[in-house]
Amino acid sequence: MKNKSAIAILTLNTLLCIAIALCTGFFMEGWGVLLKAICYAVAAAGFLACVLSFAFKKQALFKGAFVLVCCAAAVVAVVSAISQVCGLSRYPTDKEKTEALVAAIRGLGGWGVAVYFILQVLQVVILPLPAAVCYIPGSLIWGPLTSTLIASAGVIVGSVSAYFIGKCLGKRAVIWIAGREITEKYSAYFAKRGKVLFLLMQILPFFPDDILCMVVGLTGMNFWFFLVSVAVVRPLIIAAYCYLGSGTVIPFSGWGIAVWIAIFAVCILFAVLSFKYQDRVERWLVNKFTRSKAKQSEMTESDCGGCQLDEAENGDKEEAENPRENGDNGG
């Protein structure tokens, strides 16, 4: 990314963060303190992440922070507009406001489900949206089980589409979407270290799992292994988001407020640690599996060497036991 483009994105990101704060303060006055605090925290985190990634030249994180801020700005703008147009401020509590908003979306019927499904497909292929933005709204609208099934189906379809983008369109297409640095780094990892590394990267939160689906399409990874890995791992992660985000496990009132504040703080800390130590985690994983494969190769070679040595010893022993025959044969 050129320096002028990066500065332009940084400026736009700053303006969007300011807009989020202003909309939260002036157009969401009827909402509760927790929701406002989340909006302000997202604006602050998006601004800091964009500034730090720009300073340290972390291109992937820079783009991700900008996308996060754009999504947050869109959500805040929509909620603010609906609050003003539909008069949600007349409802005394956030719960009643949310119920009125959910009822309006449910009234769309199958169209709402189709939009939610398509959103999951697109967020894997071209929209690197945060998981909370993708899954939690569905759990609040259709319930955790239904939203898990819809989102899982969309994510699996999107992951398969991403795999075949790499497989059919090639490296240029993946570089255009994910960037040259990420594409070359992870394709080199998967070409040498195999399937287990891909599976671990799908589970661990340090890695861009959606982009990895495109990158493995460039390698020789078997499609059926890829499909089974995605179909097993991703629904479990989606279910965790949906059930936690629906409030059925941790409520959004009473003791749940303190728990959610703690979870949000841990998520911020984890994001900072991920930003700081991602390269170290990657190197550790790669080195571990490289050493494991190297040990297996050494053991195989040593076994083969032992076999050859045993054959040589057996041959010497046979010669020692039958000197006459050897001599006669030689004569």
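## What about the overall build of the protein chain?
So, step 1. The number of helices and strands found in the protein chain is 14 helices and zero strands.
So, step 2. In sequence order, the secondary structure elements of the protein chain are arranged as α-α-α-α-α-α-α-α-α-α-α-α-α-α.
So, step 3. Counting across all 331 residues of the protein chain, residues that qualify as buried make up 33%.
So, step 4. Across the protein chain, contacts joining residues at least 24 apart in sequence account for 72% of those joining residues at least 6 apart.

## Focus on helix α5 (residues 110-125)
So, step 1. In this model α5 runs 23 Å from its N-terminal to its C-terminal C-alpha over 16 residues, within 8% of the 22 Å that 1.5 Å per residue would give.
So, step 2. The set of residues buried in α5 consists of Gly-112, Tyr-116, Gln-120, Val-121, Gln-123, Val-124 and Val-125.

## Some thoughts on the packing of helix α1 (residues 3-27) against helix α2 (residues 33-55)
So, step 1. Close contact between α1 and α2 brings their axes to 9 Å; oriented N to C, the two are set at 165°. For the element pair α1 / α2, the angle class is roughly antiparallel. Where α1 crosses over α2, the handedness of that crossing is left-handed. Along the contact surface, α1 presents Asn-3, Ala-6, Ile-7, Leu-10, Asn-13, Thr-14, Cys-17, Ile-20, Ala-21, Thr-24 and Gly-25, while α2 presents Lys-36, Cys-39, Tyr-40, Ala-43, Gly-46, Phe-47, Cys-50, Val-51 and Phe-54.
So, step 2. Taken together, the residues of the contact of α1 with α2 break down into 13 nonpolar, six polar and one charged.

## Focus: the packing of aromatic side chains
So, step 1. Overall, the coordinates contain nine aromatic pairs when judged by the stated rule.
So, step 2. Each ring, one from Tyr-163 and one from Phe-226, has its centre 4.7 Å from the other, and the planes form 25°; the classification is stacked. Taken together, the residues span a long stretch of sequence, with Tyr-163 in helix α7 (residues 144-169) and Phe-226 in helix α12 (residues 223-245) at a distance of 63 residues. Taken as a pair, Tyr-163 and Phe-226 share a single burial class, namely buried.
So, step 3. Connected via pairs of aromatic rings, a cluster forms that spans Tyr-163, Phe-164, Phe-223, Trp-224 and Phe-226.

## Focus on helix α8 (residues 171-178)
So, step 1. Buried within α8 we find Ala-173, Val-174, Ile-175 and Ala-178.
So, step 2. After α8 finishes, the residue Gly-179 shows a positive phi value of roughly 100°.

## With respect to the packing of helix α10 (residues 195-203) against helix α11 (residues 209-216)
So, step 1. Put simply, α10 and α11 touch, their axes get as near as 9 Å, and they point 160° apart. With respect to each other, α10 and α11 are oriented roughly antiparallel. For the pair α10 and α11, the crossing hand works out as left-handed. Facing α10, whose interface residues are Phe-198, Met-201 and Gln-202, α11 presents Asp-209, Leu-212, Cys-213 and Val-216.
So, step 2. The residue makeup of the contact of α10 with α11, split by class, is five nonpolar, one polar and one charged.

## Some points on the nonpolar core
So, step 1. Core analysis: the biggest nonpolar cluster contains 32 residues, and Tyr-135, Tyr-186, Phe-190, Phe-198, Met-201 and Phe-226 have the highest contact counts within it.
So, step 2. For this core, the elements supplying multiple residues, two or more each, are α5, α6 (131-142), α7, α8, α9 (180-193), α10, α11 and α12.
So, step 3. Top element by residues in this core is α7. It accounts for six residues.
So, step 4. With sequence-adjacent residues up to four places away left out, Phe-190 is seen in contact with Leu-197, Phe-198, Met-201, Leu-212, Val-215, Val-216 and Thr-219.
So, step 5. Counting 14 residues, the second largest nonpolar core, distinct from the first, contains Leu-16, Cys-17, Trp-31 and Leu-88.

## Details of the confidence of the model for the protein chain
So, step 1. Chain-level pLDDT for the protein chain is 76 on average; 76% of the residues reach the 70-or-more range.
So, step 2. Within the protein chain, the lowest mean pLDDT, 48, falls on helix α14 (residues 323-330), and the highest, 89, falls on α7.

## What about a nonpolar patch on the surface?
So, step 1. Residues Leu-12, Leu-15, Ile-18, Leu-22, Phe-26 and Phe-27 make up a contiguous nonpolar surface patch of about 610 Å² in total accessible area.
So, step 2. When you line up the elements, Ile-18 lands in helix α1.

## Observations regarding the environment of Val-174
So, step 1. The topology assignment puts Val-174 in helix α8.
So, step 2. The exposure class assigned to Val-174 is buried, which follows from its relative accessible area of 0%.
So, step 3. For the pair formed by Val-174 and Tyr-163, sequence separation is 11 residues and the distance between their alpha carbons is 10.0 Å.
So, step 4. Excluding anything up to four places from it in sequence, Val-174 contacts Gly-166, Gly-179, Thr-183, Met-214, Val-215 and Leu-218.

## Concerning the side chain of Arg-234
So, step 1. By secondary structure assignment, the location of Arg-234 is in helix α12.
So, step 2. Looking at Arg-234, the relative accessible area reads 4%, which means it is buried.
So, step 3. Sequence-distant contacts of Arg-234, defined by excluding residues within four places in its chain, comprise Tyr-135, Val-155, Ser-159, Gln-202, Asp-209, Asp-210, Cys-213 and Ser-229.

## So, the side chain of Ser-80
So, step 1. Topologically, Ser-80 is positioned in helix α3 (residues 59-85).
So, step 2. Residue classification places Ser-80 among the buried positions, given a relative accessible area of 4%.
So, step 3. Only 2.7 Å separates the side chain of Ser-80 from the backbone oxygen of Val-76, close enough to count as a polar contact.
So, step 4. Ignoring any residue separated from it by four or fewer positions in sequence, one finds Ser-80 in contact with Cys-23, Phe-27 and Met-28.

Procedures and definitions
- Residues numbered from 1 in each chain as written.
- Predicted model: local features only at pLDDT ≥ 70, side-chain atom pairs only at ≥ 80, totals over all residues.
- Heavy atoms only, no water.
- Helix = DSSP H or I, 4+ residues; strand = E, 2+ residues; numbered from the N terminus.
- Buried < 20%, exposed > 50% of the residue type's maximum accessible area, 1.4 Å probe, protein only.
- Contact = heavy atoms within 4.5 Å.
- Expected span 1.5 Å × (residues − 1).
- Axes fitted to C-alpha atoms, helices over the stretch in contact; angles between N-to-C directions.
- Parallel < 35°, antiparallel > 145°, perpendicular 65-115°, else oblique.
- Left-handed = near helix turned anticlockwise from the far one by under 90°.
- Nonpolar A, V, L, I, M, F, W, Y, C, P; charged D, E, K, R; others polar.
- Phe/Tyr/Trp six-rings, centres within 6.5 Å; stacked < 30°, edge-to-face > 60°.
- Core = buried A, V, L, I, M, F, W, Y, C linked by side-chain atoms within 4.5 Å.
- pLDDT = per-residue confidence, 0-100.
- Patch = residues over 30% accessible without salt bridge, like charges linked within 9 Å, V, L, I, M, F, W, Y side chains within 5 Å.
- Areas by Shrake-Rupley, 256 points an atom, 1.4 Å probe, with all protein chains shown as cover.
- Salt bridge = Lys/Arg side-chain N within 4 Å of Asp/Glu carboxyl O.
- Polar contact = N/O pair within 3.5 Å; in protein donor to acceptor, adjacent residues only side chain to side chain.

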